[in-house]
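Secondary and tertiary structure notes
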Amino acid sequence: MNHPLVNAKWLSQNLEKVILLHVTMANPVGGNSSTLNDVYIPSSVSFDFEHTVCDVTSSLPHTMPSCKQFTQNVQELGIHSDSIVVVYDDVGIFSAPRVWWMLKSMGHNDVYLLDGGLPSWLMQGYEVTDSLVQPAGGGTFVAKPIEHALFNAEQVVESMDNNEHHIVDARSSARFNGMVAEPREGLRSGHIPKSLNLPYTKLIKEGSFAELEELNTVFNQLAMDKNKRVIASCGSGVTAAIILLAAHIAGFKKLSLYDGSWSEWGADESLPIA
């Protein structure tokens with residue numbers, strides 16, 4: 001499969017062939033952790049990027065772990081290099097794209113997102129369960145990071161004056177323009193100089209990704225060139241992945257995530273803001 005999205009019908013017909021990862025956030029900023037009451041698609045395994053598959057030594061939220069740790073965590077989930085992995089969340093499109101990007105950035109090719117998430121599955125009347133499945137363990141996947149998939153603050157600073165790069169911020173326009181205080185304490189208001197504002201909600205329609213034509217319209221309105229690198233940022237590196245997935249669908253090839261995002265940039269007085 002070349003397209004990164006699967007629908008509920010496809011998933012229902014292929015549940016036994018995939019490793020299904022359920023993704024959630026305990027206290028998301030600007031979104032709902034869940035709209036449902038502890039129900040899951042059958043065969044779901046939990047992927048906890050907030051407390052387990054992350055750099056627990058970092059002062060920043062859910063920072064990407066080392067290759068060694070990521071390999072270990074993913075192997076514990078029973079994921080092999082040739083596994084077909086599908087991720088979904090309870091909201092529809094919110095935190096699952098983060099896990100899609102984590103796996104892609106670490107070199108796993110066959111990873112897909114259930115478009116519309118659990119709400120879409122329920123709306124179409126498919127079976128649910130009240131429990132998650134224990135991970136199978138024994139996976140053989142070994143992380144091989146994709147070059148430039150993750151950017152740090154220093155690289156973002158260098159990109160501000162690089163005409164071949166688009167720095168794109170997924171936060172709301174009010175947060176981007178410094179019109180409201182940041183929800184996380186201790187952060188300055190504003191945005192990375194020369195960055196573009198693309199609130200992630202503009203890429204979603206009724207809980208699913210907008211159609212390709214609509215996605216292209218949104219990117220064209222920002223004069224984004226598909227030959228240039230897209231460096232996505234947000235509050236903490238979660239909804240930025242929604243931009244990356246949408247850009248991937250639209251045909252952008254050079255995709256990067258600023259993992260620290262505003263949680264890092266807004267706290268560091270040495271970094272410039274606009």
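Parameters and conventions
Residues numbered from 1 in each chain as written. Predicted model: local features only at pLDDT ≥ 70, side-chain atom pairs only at ≥ 80, totals over all residues. Heavy atoms only, no water. Buried < 20%, exposed > 50% of the residue type's maximum accessible area, 1.4 Å probe, protein only. Helix = DSSP H or I, 4+ residues; strand = E, 2+ residues; numbered from the N terminus. Axes fitted to C-alpha atoms, helices over the stretch in contact; angles between N-to-C directions. Parallel < 35°, antiparallel > 145°, perpendicular 65-115°, else oblique. Left-handed = near helix turned anticlockwise from the far one by under 90°. Contact = heavy atoms within 4.5 Å. Nonpolar A, V, L, I, M, F, W, Y, C, P; charged D, E, K, R; others polar. Lys, Arg positive; Asp, Glu negative; His and termini not counted. Salt bridge = Lys/Arg side-chain N within 4 Å of Asp/Glu carboxyl O. Polar contact = N/O pair within 3.5 Å; in protein donor to acceptor, adjacent residues only side chain to side chain. Pairing = 2+ DSSP bridges. Core = buried A, V, L, I, M, F, W, Y, C linked by side-chain atoms within 4.5 Å. Right-handed = clockwise from strand over helix to strand, strands pointing away.

Brief notes about helix α8 (residues 240–250)
Because an α-helix packs 3.6 residues into every turn, residues spaced three or four apart end up facing the same way. Among the 11 residues of α8, 10 are classified as buried, and the element is accordingly described as predominantly covered. The set of residues buried in α8 consists of Ala-240, Ala-241, Ile-242, Ile-243, Leu-244, Leu-245, Ala-246, Ala-247, Ile-249 and Ala-250. Directly beyond the C-terminal end of α8, a positive phi value near 105° is found at Gly-251.

Looking at the packing of helix α3 (residues 96–105) against α8
Running from N to C, α3 and α8 cross one another at 65°; their axes reach a closest spacing of 8 Å. For the element pair α3 / α8, the angle class is roughly perpendicular. When the axes of α3 and α8 are compared, the crossing they make is left-handed. The residues of α8 that touch α3, namely those facing Pro-97, Arg-98, Trp-100 and Trp-101, are Ala-241, Ile-242, Leu-244, Leu-245 and His-248. Here the residues of the contact of α3 with α8 are counted per class, giving 7 nonpolar, 1 polar and 1 charged.

Points about the side chain of Asp-115
With respect to the element layout, Asp-115 can be found in the loop between β5 (111–114) and α4 (117–123). Here Asp-115 sits buried without a salt bridge, and the closest side chain of opposite charge, Lys-205, lies 12 Å off (N-O distance).

Observations regarding the pattern of salt bridges
The full count for this structure, using the stated rule, is 6 salt bridges. As a salt-bridge pair, Asp-259 and Arg-98 come within 2.9 Å of each other at their nearest N and O atoms. One end of the pair, Asp-259, is in the loop between β12 (255–258) and α9 (261–265); the other, Arg-98, is in helix α3, and 161 residues separate them in sequence. Across the pair, Arg-98 and Asp-259 agree in class, each one buried. The partner of Glu-214 in a salt bridge is Lys-205, with the nearest N and O atoms 3.8 Å apart.

Here's the deal with the environment of Ser-83
Structurally, Ser-83 is set in the loop between α2 (67–76) and β4 (84–89). Spatially, the C-alpha atoms of Ser-83 and Lys-17 are 8.4 Å apart, while their sequence positions differ by 66 residues. Those residues in contact with Ser-83 that sit more than four places away from it in its chain are Ile-19, Gly-78, His-108 and Asp-110. Here His-80 takes part through its backbone nitrogen, which lies 2.8 Å from a polar atom of the side chain of Ser-83.

Remarks on the sheet that holds strand β2 (residues 18–23)
Strand order in the open sheet formed by 5 strands is β1-β5-β4-β2-β3, and the pairing between neighbours is parallel. Each edge of the sheet is formed by a strand with only one pairing partner; in this case those strands are β1 (5–6) and β3 (44–46). For β2 and β4, the ladder comprises 6 bridges, and the chain directions are parallel. Bridging across to β4, Leu-21 finds its partner in Val-87.

Structural notes on the nonpolar core
The biggest cluster of nonpolar side chains holds 59 residues, and the ones touching the most others in it are Leu-21, Phe-47, Phe-70, Val-87, Leu-203, Phe-209 and Phe-219. Top contributing element to this core by residue count: α8, with 10 residues. The residues contacting Phe-70, other than those within four sequence positions of it, are Phe-47, Val-53, Pro-65, Met-102, Leu-103, Met-106, Phe-141 and Ala-143. Ranked by size, the runner-up nonpolar core spans 14 residues in total, among them Val-6, Leu-11, Val-86 and Tyr-112.

What about the packing of helix α7 (residues 212–221) against α8?
At a minimum axis distance of 9 Å, the contact between α7 and α8 shows a crossing angle of 110°. Compared by their axis directions, α7 and α8 come out roughly perpendicular. The hand of the α7/α8 crossing is left-handed. For the pair formed by α7 and α8, the contact residues are Leu-212, Leu-215, Asn-216 and Phe-219 on the first element and Ile-243, Ala-246, Ala-247, Ile-249 and Ala-250 on the second. The residue makeup of the contact of α7 with α8, split by class, is 8 nonpolar, 1 polar and no charged.

Remarks on the pairing of β4
Burial runs high along β4: 5 of the 6 residues are buried. Note: β4 against β5, 3 bridges, orientation parallel. For Val-86, the partnering residue across the bridge sits in β5 and is Tyr-112. Taken together, β4, α3 and β5 form a β-α-β motif whose crossover is right-handed.

Limitation: the analysis is restricted to geometry and does not speak to function.
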